[in-house]
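These are the residues of each chain, in order.
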Amino acid sequence: MTDYSKWDAKASKLCRDADEEEKAEEAACNDALGLKDGPKGPTTEKAEKEIKQLKEHSEKRESFIAWSKEREVSLCHKDEASVTLSGPEVQGKAVRLKGSKGVNYVVPAGTSIVKLMVDACREVRIHLQAQLLTSTVELYKCEAFELQLDQPLGTLQVDECVQPVKIIFAEREHVGKIYHQNSPGLALSWALTGTSEPQTVGQTGDFQLVSRICGDTLRTDPVRRGEGEFPIDIPTTEGESASTASQVSDAEERRLEAEKKRLAGNDMFRASDFAQAAALYTLCLELDPQQSAVWSNRAQCWLKLGDHEKALADATKCTEVDPSNPKGWFRKGMSYHAMKRYPEAIPALLEAEKLEPTNKQILDAIKMAQLMARNTAGS
């Protein structure tokens with residue numbers, strides 16, 4: 001009698017052996033092709049590549065942080081009459097004084113400090129006799145603080161110093177750029193002999209200012225940020241007082257916010273979300289109604305949405321704000337054309353042609369408006 005159970009067991013073993021041989025052959029082929037973990041589709045391969053890049057970036061960042069920490073020393077002293085910052089502890093490093101109180105610091109000439117950072121220090125006086133390698137000092141939330149500088153300073157950053165902070169330069173020519181924000185206690189002078197009266201330049205507010213010597217005067221202007229968030233100084237008119245800086249800054253903040261809305265509106269327009277684009281352009285115009293391009297862009301949104309009356313109103317406003325903008329005249333003409341007011345469309349389109357005589361779209365629109373005007377008149 002046939003023992004089928006043995007045949008089943010033998011068949012199962014043969015299948016397993018065949019599968020193992022097939023896997024072994026596949027692994028050998030993958031090794032030969034350099035595919036250690038088997039073939040990968042484009043999506044998996046891309047994801048693994050991005051993960052590897054992120055890991056490398058993270059490792060580089062961690063390495064940079066470790067490198068930076070090795071070159072920065074943090075110090076804190078309380079109620080000490082005098083502390084000299086020199087020697088191997090600070091040589092060739094950035095020095096951060098954090099939380100110190102009731103201390104007189106001296107940085108002797110010849111001390112090689114990269115940068116000086118002072119955080120949350122009270123009743124502290126620093127006499128900086130040495131030239132900093134980066135010519136940079138940063139102050140943050142300091143109170144009853146005084147910095148006396150024997151050498152020129154390129155950049156001073158002062159933030160959130162509400163209580164008195166006095167900076168004394170040896171000479172007025174040593175004054176570089178002083179960037180400051182919400183630091184009403186900030187005052188500057190430039191004579192160690194005390195012949196120069198301190199000038200308060202700090203103001204309350206979440207806007208950034210820059211103070212520097214211009215000619216014979218100490219000027220304070222607002223700062224705006226450009227690409228990459230680098231500061232771009234805004235020149236003010238000659239004789240403008242520092243007291244107006246906050247007003248100028250408010251206007252600049254509105255302009256920057258309007259620009260954000262405009263760019264967001266452009267993104268929505270490119271995505272064919274014309275209603276959302278129009279809403280964003282409206283927010284932009286509320287902040288800065290002199291942007292003729294935005295009036296023109298919103299007019300185009302209304303045209304796309306079929307609201308020809310609003311399109312005409314915006315295009316007309318564009319031509320009033322900037323008569324040299326050809327898009328304003330073109331969209332005014334197209335608004336009239338969409339409303340079948342062809343004779344009125346022609347003059348607007350001709351104005352656009354004067355500004356862009358080689359624009360084929362404008363030339364074609366003129367021909368169409370003239371043709372439709374004749375047909376309408378003849379009917």
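For the structure, check the block above.
Residues numbered from 1 in each chain as written. Predicted model: local features only at pLDDT ≥ 70, side-chain atom pairs only at ≥ 80, totals over all residues. Heavy atoms only, no water.

1. As for the overall build of the protein chain
Then step 1. Check the secondary structure of the protein chain and you find nine helices and 16 strands.
Then step 2. The proportion of buried residues among the 379 residues of the protein chain is 36%.
Then step 3. For the protein chain, the proportion of contacts with a sequence separation of at least 24, taken over those separated by at least 6, is 26%.
Then step 4. Split by element, the accessible area of the protein chain, about 22100 Å² in all, is 52% carbon and sulfur. (Helix = DSSP H or I, 4+ residues; strand = E, 2+ residues; numbered from the N terminus. Buried < 20%, exposed > 50% of the residue type's maximum accessible area, 1.4 Å probe, protein only. Contact = heavy atoms within 4.5 Å. Areas by Shrake-Rupley, 256 points an atom, 1.4 Å probe, with all protein chains shown as cover.)

2. Concerning unusual backbone geometry
Then step 1. Here the phi dihedral of Ser-135 falls at roughly 55°; this positive angle occurs in a residue that is not glycine.
Then step 2. Positionally, Ser-135 belongs in the loop between β6 (122-128) and β7 (136-140).
Then step 3. A relative accessible area of 18% places Ser-135 in the buried class.
Then step 4. The backbone phi angle of Glu-160 is positive, close to 55°, even though this residue is not glycine.
Then step 5. Overall, Glu-160 belongs to the partly exposed group, its relative accessible area being 28%.

3. Side note on the packing of aromatic side chains
Then step 1. Scanning the model with the defined rule gives one aromatic pair in all.
Then step 2. Between Phe-269 and Phe-274, the aromatic rings sit 5.1 Å apart at their centres with planes inclined by 70°, giving edge-to-face as the arrangement.
Then step 3. Classification of Phe-269 by relative accessible area gives partly exposed; the value is 25%.
Then step 4. Using a relative accessible area of 16% as the deciding quantity, one classes Phe-274 as buried. (Phe/Tyr/Trp six-rings, centres within 6.5 Å; stacked < 30°, edge-to-face > 60°.)

4. A short note on the side chain of Asn-266
Then step 1. Here Asn-266 lies in helix α3 (residues 245-270).
Then step 2. Polar side-chain contacts of Asn-266 include one of 2.6 Å to the side chain of Tyr-281. (Polar contact = N/O pair within 3.5 Å; in protein donor to acceptor, adjacent residues only side chain to side chain.)

5. Regarding the sheet that holds strand β4 (residues 101-107)
Then step 1. As summarised here, the arrangement of the seven strands in space is β2-β4-β6-β8-β10-β12-β13, forming an open sheet in which the pairing is mixed. Sheet topology places β2 (78-84) and β13 (199-200) at the edges, where each strand pairs with a single neighbour.
Then step 2. In the sheet, strand β10 (residues 165-169) pairs with strand β12 (residues 186-189) via four bridges, with the strands oriented parallel. Residue pairing in the sheet places Ile-168 in a bridge with Ser-189 of β12. (Pairing = 2+ DSSP bridges.)

6. So, the side chain of Thr-136
Then step 1. Structurally, Thr-136 can be placed in strand β7.
Then step 2. The exposure class assigned to Thr-136 is buried, which follows from its relative accessible area of 15%.
Then step 3. Within the structure, Thr-136 has its side chain in polar contact with the backbone oxygen of Thr-134 (distance 2.9 Å).
Then step 4. Residues contacting Thr-136, with those up to four places away along its chain left out, are Lys-115, Leu-116, Leu-153 and Thr-155.

7. Some thoughts on the environment of Ala-313
Then step 1. Along the chain, the position of Ala-313 falls in helix α6 (residues 308-321).
Then step 2. Considering only alpha carbons, one finds Ala-313 and Trp-295, 18 residues apart in sequence, at a separation of 9.1 Å.

8. Overview of a negative patch on the surface
Then step 1. Negative charge collects at one region of the surface, where Asp-19, Glu-20, Glu-21, Glu-22 and Glu-25 lie side by side.
Then step 2. In this structure, Glu-20 sits in helix α1 (residues 4-33).
Then step 3. Judged by its relative accessible area of 53%, Glu-20 falls in the exposed class. (Patch = residues over 30% accessible without salt bridge, like charges linked within 9 Å, V, L, I, M, F, W, Y side chains within 5 Å. Salt bridge = Lys/Arg side-chain N within 4 Å of Asp/Glu carboxyl O. Lys, Arg positive; Asp, Glu negative; His and termini not counted. Charge placed at Lys NZ, Arg CZ, Asp CG, Glu CD.)

9. Description of α6
Because each turn of an α-helix spans 3.6 residues, side chains separated by three or four positions end up pointing in the same direction.
Then step 1. Its 14 residues give α6 an end-to-end C-alpha distance of 20 Å, which sits within 8% of 20 Å, the value for a rise of 1.5 Å per residue.
Then step 2. Of all the positions in α6, only Ala-311, Leu-312, Asp-314, Ala-315, Cys-318 and Thr-319 are classed as buried.
Then step 3. Its buried side turned inward, α6 meets α5 (292-305) and α7 (326-338). (Expected span 1.5 Å × (residues − 1).)

10. What to know about the packing of α6 against α7
Then step 1. Here α6 crosses α7 at 155°, and the two axes come no closer than 8 Å. Relative to α7, α6 is oriented roughly antiparallel. α6 and α7 meet at a crossing whose hand is left-handed. Packed against α6, whose contacting residues are His-308, Ala-311, Leu-312, Ala-315, Thr-316, Cys-318 and Thr-319, the element α7 presents Gly-328, Trp-329, Arg-331, Lys-332, Ser-335, Tyr-336 and Ala-338 at the interface.
Then step 2. Residue classes in the contact of α6 with α7 are distributed as seven nonpolar, five polar and two charged. (Axes fitted to C-alpha atoms, helices over the stretch in contact; angles between N-to-C directions. Parallel < 35°, antiparallel > 145°, perpendicular 65-115°, else oblique. Left-handed = near helix turned anticlockwise from the far one by under 90°. Nonpolar A, V, L, I, M, F, W, Y, C, P; charged D, E, K, R; others polar.)

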